[in-house]
Each structure stands twice: as C-alpha cells, then as structure tokens.
Amino acid sequence: MAAVAVIGPGAIGGTLAAWLMQSGHQVTLCVRTPLDRLEIDTPRGPLSATPVILTDPAVATAVDWVLATTKTYDVAAAANWLGGLVGPATRVAVIQNGVEHLERFAPYLAADKLLPVIIDLPAERLAPGRIHQRRDGTMLVPEGAAGADFAALFAGTPIVTSTTDEFTTAAWRKLCLNCAGAVSALVLQPGGVARRDDVAELMRGLVAECVAVGRAEGAQLSLDLPDAIVEGYRTAPADSVNSMHADRLAGRPMEIDARNGVIVRRGARHGIPTPLNQLMVTLLEAAQG
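Below: a short report on this structure. In this text, all values refer to a predicted model and were calculated from it rather than measured experimentally.

### Side note on the sheet that holds strand β1 (residues 3–7)
Reasoning step 1: Taken together, the 8 strands give an open sheet; going across it, the order is β5-β2-β1-β6-β7-β8-β11-β12, and neighbouring strands pair in mixed fashion. On the outer flanks of this sheet lie β5 (52–54) and β12 (160–164), each paired with one strand and no other. If you compare each strand with its neighbour and ignore which way they point, the axes differ by 25° on average.
Reasoning step 2: Its contacts with the sheet place helix α1 (residues 11–22) against β1, β2 (26–30), β6 (65–68), β7 (91–95), β8 (114–120) and β11 (138–142), and it is angled at close to 160° to β2.

Set out below in structure tokens:
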C-alpha cells in the first residue's frame, strides 16, 4: 500500500482521498483548516473516511505520491508543502484544469517528478469534508512508468484511470469542454442553460476557438467537436453545476485564466483570434471584482 498526501481537499481531492482509503492506502490531507472526516455521497452509496490531517507544512514527511488538487491559482500555496512531502522516490500528480499542468509546477520541481493528470469526476463540495459525487469518473495520464504506477494506485477504486500516448490531444479536448462552462458561471445558471438555442450557439463559438488553438498546439481535434460538446451539455442533467460556477456562487476566485484565458494567450501566439473567450475572460474578471 502507498503513502499518499493530498494537497487541496476540495471536491476532487476529498473524493480521491476517500476512495484511496477504501483500498487501504495511507492518506494524509494537507489543509489550511482542519476537518474531522470525509463524507462523500457517491453513486455507490455513502462513503466515510478519516485520513490523517496536517495543517503545518513544517511537520510533513515524505510520501510515495503527492496529489496536487488545488485550484490552478493556488499553486504557490501548494508548493509550500512540497519541501516536506517530496523525497527521492516521490512523484507528484498534478490534477488540475487546463493544459499547463507542468508549467505551473516547473518553478518548484524537476519535470521527472511531475505527472499531469486529466480528470473527469463530477463532484461538488457541499461543506468542509462533505462532497456530492455525481458519477464514478475517469482519469487519464501520459504513457510511461509513472503513468502506469499512478493507474495502479487507483486500480482498487471505481475511478477508472488509464494511460494515453496522445495526452496533448486529451488535455485540449477537456479544455474544449471546460471553456464552454464559463457561460454558466457568467449567468449563474446550471448546465440546463445550454438548452437555450442562443446559449448553445455561444458555447459552440467558445469551443470552436479552443479547437482552432488546440490544433495549432498539436492536438488532434475534429472540427465537429463543438457540436458534440454542446450536445453533451444539452443532454446532461439540467441541475449540473461546474466548478467555475460553484466557485462564483461560493464567492471563491474562479479559474478564469486556466479555462478561458489560456485559449486567448495561446491563440495570440499563433495569430488566432479568440474574441468570445476574451469576452468571457473580461466579463468574469469584472464579475469577480
């Protein structure tokens, strides 16, 4: 069994921690504010776990795996834990949104210590330590020894974890999905808002810009992907709330740059116009204050 530290026990980190404990792994949560236990409402029934809780990076000791599940704008705070948690054999899985997993942690760790992870795990944080997990979810990592070991770590859980030799494509495909979710965050409406034809058209435009930039970055993305993604939004549960929308509702900072700003920035490098994503960035930043 592995020793695992989870930095950032929100909806994603808390759910992963609880499932890992069901498989017998030793899990430590690295938190700002202590909590008693994890209570997860999962598709398979209620799940409860009592991991070790750490609030002081100075007392952290080396583990086999670190799961960095903080928001993308909290990387500097997460890095405060790495000095104690990371030993010679430790690997750090960066489980975050966007396409810049490695770039965010490059100032703190060597590239051979880092493993980027794409996660699809619909879950919502209801209160500290209380999470609603909507379905089992999946994770995807690059092929190689580290990726295979990470997949093995979750082999005893219902979160299907697999490797791919097309990680760049997978990351941009996930960004295409996430960038459209900015609409819900802006209008403060759950996923069912996509059933409006005018909103669906706006979402197609956001995704089309992401497809164009992703293709320029080397991702293999089909030109009909915007239609497929928007159809997915329209047929999903109408009450679904994406993480950016949830953050705005809770008064937390939003991952605006990781989900839409990066499309604008990378688009500018390639001379690709991204006016709709720029509009989302401008309006969400204004709403955030």
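### A look at the pattern of salt bridges
Reasoning step 1: Scanning the model with the defined rule gives 18 salt bridges in all.
Reasoning step 2: Measuring nitrogen to oxygen at the nearest pair gives 2.9 Å for the salt bridge that ties E100 to R265. Placement of the pair is E100 in the loop between β7 and α4 (101–105) and R265 in helix α11 (residues 256–270), with a sequence separation of 165 residues.
Reasoning step 3: The exposure class assigned to E100 is buried, which follows from its relative accessible area of 11%.
Reasoning step 4: On the basis of relative accessibility, which here comes to 33%, the residue R265 falls in the partly exposed class.
Reasoning step 5: Salt-bridge contacts for R135 lead to D120; the nearest nitrogen and oxygen are separated by 3.2 Å. Remark: D120 occurs in strand β8 and R135 occurs in the loop between β10 (130–133) and β11; sequence separation between them is 15 residues.
Reasoning step 6: For R135, a relative accessible area of 39% puts it in the partly exposed group.
Reasoning step 7: The exposure class assigned to D120 is partly exposed, which follows from its relative accessible area of 28%.
Reasoning step 8: What you see here is one network of salt bridges that share partners, running through E100, E103, E217, D257, R265 and R266.

### Some thoughts on the packing of aromatic side chains
The geometry of an aromatic ring pair is captured by two quantities: the separation of the ring centres and the angle between the planes.
Reasoning step 1: Tallied over the full model, the rule gives 2 aromatic pairs.
Reasoning step 2: Judged by centre distance (5.4 Å) and plane angle (65°), the ring pair of W65 and F150 falls under edge-to-face. Of this pair, W65 sits in strand β6 while F150 sits in helix α5 (residues 145–153), placing them 85 residues apart in sequence.
Reasoning step 3: Centroid distance F150 to F154: 5.1 Å. Interplanar angle 55°. Geometry classified as tilted. A single burial state applies to F150 and to F154, both of which are buried.

### Topic: the packing of helix α6 (residues 167–180) against α11
Reasoning step 1: Between α6 and α11, whose axes approach to 9 Å, the crossing angle comes to 115°. In terms of crossing hand, the pair formed by α6 and α11 is left-handed. Across from W172, L175, N178 and C179 in α6, the residues of α11 making contact are A258, R259, N260, V262, I263 and R266.
Reasoning step 2: Of the residues belonging to the contact of α6 with α11, the class tally is 6 nonpolar, 2 polar and 2 charged.

### What about helix α12 (residues 275–288)?
Reasoning step 1: If you check α12, its first and last C-alpha atoms are 20 Å apart, about what 14 residues at 1.5 Å a residue would give, namely 20 Å.
Reasoning step 2: Every buried residue of α12 is accounted for by N277, M280, V281 and L284. Down the axis of α12, the buried set is contained in an arc of 100°. They therefore lie on one face. The outward face of α12, more than 90 degrees from its buried face, is lined by the exposed residues P275 and A286.
Reasoning step 3: The inward-facing, buried residues of α12 abut α6, α7 (182–187), α8 (197–216), α10 (243–249) and α11.

### Quick word on the packing of α8 against α11
Reasoning step 1: At their nearest, the axes of α8 and α11 sit 9 Å apart, and the two run at 55° to each other. Judged on the interaxial angle alone, α11 and α8 are oblique. For the pair α8 and α11, the crossing hand works out as left-handed. Counting all contacts with α8, which are made through E209, C210, V213 and A216, the residues of α11 involved are I263, R266, G267 and H270.
Reasoning step 2: When the residues that make up the contact of α8 with α11 are grouped by side-chain class, the tally is 4 nonpolar, 2 polar and 2 charged.

### Brief notes about the pairing of β2
Side chains on a regular strand alternate between the two faces of the sheet.
Reasoning step 1: The element β2 is extensively covered by neighbouring structure, given that 4 of its 5 residues are classed as buried.
Reasoning step 2: With respect to chirality, the unit in which β1 leads through α1 into the neighbouring parallel β2 is right-handed.

Calculation criteria
- Residues numbered from 1 in each chain as written.
- Predicted model: local features only at pLDDT ≥ 70, side-chain atom pairs only at ≥ 80, totals over all residues.
- Heavy atoms only, no water.
- Pairing = 2+ DSSP bridges.
- Helix = DSSP H or I, 4+ residues; strand = E, 2+ residues; numbered from the N terminus.
- Axes fitted to C-alpha atoms, helices over the stretch in contact; angles between N-to-C directions.
- Contact = heavy atoms within 4.5 Å.
- Salt bridge = Lys/Arg side-chain N within 4 Å of Asp/Glu carboxyl O.
- Buried < 20%, exposed > 50% of the residue type's maximum accessible area, 1.4 Å probe, protein only.
- Phe/Tyr/Trp six-rings, centres within 6.5 Å; stacked < 30°, edge-to-face > 60°.
- Left-handed = near helix turned anticlockwise from the far one by under 90°.
- Nonpolar A, V, L, I, M, F, W, Y, C, P; charged D, E, K, R; others polar.
- Expected span 1.5 Å × (residues − 1).
- Arc of directions from axis to C-beta.
- Parallel < 35°, antiparallel > 145°, perpendicular 65-115°, else oblique.
- Right-handed = clockwise from strand over helix to strand, strands pointing away.

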